[in-house]
Amino acid sequence: MNKKTFITMMLALVAMTGLAQTKTATVTGYSPALKDGTLVLAGAGLSGTVLDTVQSGHFAFSLPIEELTVGTLFLDGEGCPNYSFFFMMKPDVSVKLTGTDCLYPLWNVDSPIPEQQTLNSITEHCRDVIAEYLHLQENKEWYKDRDKCDAINLKLMKQEIDILSSQPVDAASLNVLWRISRPLKNMKDFPYMEELKSLEKSFAARAPKEFDNQLAEIHTYIYPPHVLQVGEEAVDVELFDMQGNKHHLFDAFSDGRYVLLDFWSIGCGPCRLSEPEMREVYGRMKDKLEIIGINQDNLSTWKNNDFSKSIVWKNWNDGKMGSSVASRYCDVGAVPYYVLISPDKRIIWKAVGYQPGYFLGMAETFNCPKQDNSSNLGLVVRHVDAYAEGTKVSFRYYTKKGYWFRIAKDSYLTANGKKYKLTAADGIKLDVDNFPEVNDFTAKEDYIGEINYSDFALTFEPFDTIPTTFDFIEGDVQGAFVIRNVSVE
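Residues numbered from 1 in each chain as written. Predicted model: local features only at pLDDT ≥ 70, side-chain atom pairs only at ≥ 80, totals over all residues. Heavy atoms only, no water.

Undergrad: Could you clarify how one ought to interpret the state of the cysteines in this entry?
TA: Scanning the entire structure with this criterion turns up one disulfide. Each disulfide pairs two cysteine sulfurs, and for C268 the partner residue is C271, the sulfurs being separated by 2.4 Å. On the sign convention where negative means left-handed, the S-S torsion of about 85 degrees between C268 and C271 marks this disulfide as right-handed. The same class applies to C268 as to C271, namely buried. Of all cysteine sulfurs, the one in C149 lies closest to C126, which takes part in no disulfide; the gap is 17 Å. With no disulfide of its own, C330 lies closest to C271 among cysteine sulfurs, the gap being 11 Å. Take C330: its relative accessible area is 3%, and that puts it in the buried class. (Disulfide = S-S within 2.5 Å. Buried < 20%, exposed > 50% of the residue type's maximum accessible area, 1.4 Å probe, protein only.)

See the structure below:
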């Protein structure tokens, strides 16, 4: 029952227009192996957008930057690997990339920037394993062999850890250490953890003061704090707005509203996709909902982007690319990531990725019985009637027009230490695709379009004793809908 709806993932909706910087870095590239029309995506940090297309093996672009910056290059064309290449950029400095094949992460980088020499040394040390990974992707089915991909990736991480110990502590080496450490949150039993801890300690001892924030972020990845879960109390954190004013997360709870934490990045397509629905709900529910956007980019990128400036709710950053907040609230290092907190500062919903209907469902819950949704906020319990003959639970499900959802016939409620089986359904067919048809919101943006809903009711065996709360479980399978702590009114 791997089902429900498709999570919209459009990863190339980044707009670089409107940046306020006047200084630029220039990059040129050439390889006779590149096909005409190959797309050239590049940007600062992890974000990127299409800046050029290859013609006769050549490409060129300029990026507005204010300081020494790690850039990202990705070539999308025949023969090019699915791999991001990192290089150093500096205002008014030109960088030249040249190769004889499509394996651009292994190309020669001609640059006067000292930190680029650090990256070149690391790449040269890891050349064989990088080449192994790139050649693996020549097989169109490469992504299906996850074990092999993971093994090569671990080998690369080990080689990078080994070579970093002999490198200077600079912006380039710290970026590599950051890229090694960042995914550890999603990895179990990392085999080189002791070596990584020793390396991090060495970097911290040798690093200039200017790198304190980057090292603090890396430290949270290697020594992660407890990640708060649904049902636990929120913790306060300090954040900054675009004018540099300090704020505390708990300040947003002063008037009894719910608070939605929106962890996002400028280079994240789904983060942009969620904005129309989120803006609609924010307009409807201002008296009950506060949204805090917590940006994951560096301060310069965040402050100088037009999309960032257009955000109508609280738009904050912790000055550490969101790491100090994300380490406490986010189970995975991916965006968008959402955390909904009740007025009494209790976490009631968490999710990674955007699915149309999330926020309309969230708005609906504010007028419904209290509930903790741990799978899909598009499904909402609207009313509960507990009778001697059975318990009738009324639901509403939101999703994009044309998307479907299913409810399993083996759904049940849990309360009083017991399961209560589903006995009847009204307004829905069980174990088949159901398509919501009642329109609630139509976005101006074509990629969102209409969001519809369906109302239906499920009846379950009667409770032995009427509980204060119960859980709804849509079958004991992975991906099932789960709504916990539903209040019985």
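Undergrad: Help me understand helix α2 (residues 127-136) in this model?
TA: Three- or four-residue spacings in an α-helix give side chains the same orientation, since the helix completes a turn every 3.6 residues. Turning to α2, its buried residues are V129, I130, A131, Y133, L134 and L136. Of the surrounding secondary structure, the elements contacted by the buried residues of α2 are α1 (114-125) and α3 (146-164). (Helix = DSSP H or I, 4+ residues; strand = E, 2+ residues; numbered from the N terminus. Contact = heavy atoms within 4.5 Å.)

Undergrad: Could you clarify how one ought to interpret the packing of aromatic side chains in this entry?
TA: A ring pair, where both rings are aromatic, is described by two values, the distance of the centres and the angle of the planes. Inspection of every chain in the model, using the stated rule, returns 25 aromatic pairs. Judged by centre distance (6.4 Å) and plane angle (5 degrees), the rings of F59 and F61 are stacked. Both residues of the pair, F59 and F61, count as buried. On the basis of an interplanar angle of 85 degrees and a centroid distance of 5.1 Å, the ring pair of Y338 and F359 is categorised as edge-to-face. Taken together, the residues Y338 in strand β14 (residues 337-341) and F359 in helix α12 (residues 358-365) connect sequence positions 21 residues apart. Residue classification places F359 among the buried residues on the basis of a relative accessible area of 0%. Among the aromatic residues, those joined into a ring-pair cluster are F395, Y397, F405, F456, F460, F472 and F481. Above the face of the F307 ring, R272 is positioned so that its terminal group lies 4.2 Å from the ring centre. Taking the ring centre of Y412 as reference, the NZ or CZ of K419 above it sits at 4.5 Å. (Phe/Tyr/Trp six-rings, centres within 6.5 Å; stacked < 30°, edge-to-face > 60°. Lys NZ or Arg CZ within 6 Å of the ring centre and 35° of its normal.)

Undergrad: What am I meant to see in the pattern of salt bridges here?
TA: Two side chains carrying opposite charge are able to pair once their charged atoms lie near each other. If you walk through the whole model with that rule in mind, you get 22 salt bridges. A salt bridge links K158 to D162; the nearest nitrogen and oxygen atoms lie 2.9 Å apart. Residue K158 and its partner D162 are both found in helix α3; the two are separated by four residues, about one turn of the helix. Judged by relative accessible area, K158 falls into the partly exposed class, the value being 22%. Of the charged contacts in the structure, one is a salt bridge between D455 and R396, with a shortest N-O distance of 2.6 Å. Of the two residues, D455 sits in strand β22 (residues 450-460) while R396 sits in strand β18 (residues 391-400), which places them 59 residues apart along the sequence. Here D455 falls in the partly exposed class, since its relative accessible area comes to 37%. The class of R396 is buried, set by a relative accessible area of 9%. (Salt bridge = Lys/Arg side-chain N within 4 Å of Asp/Glu carboxyl O.)

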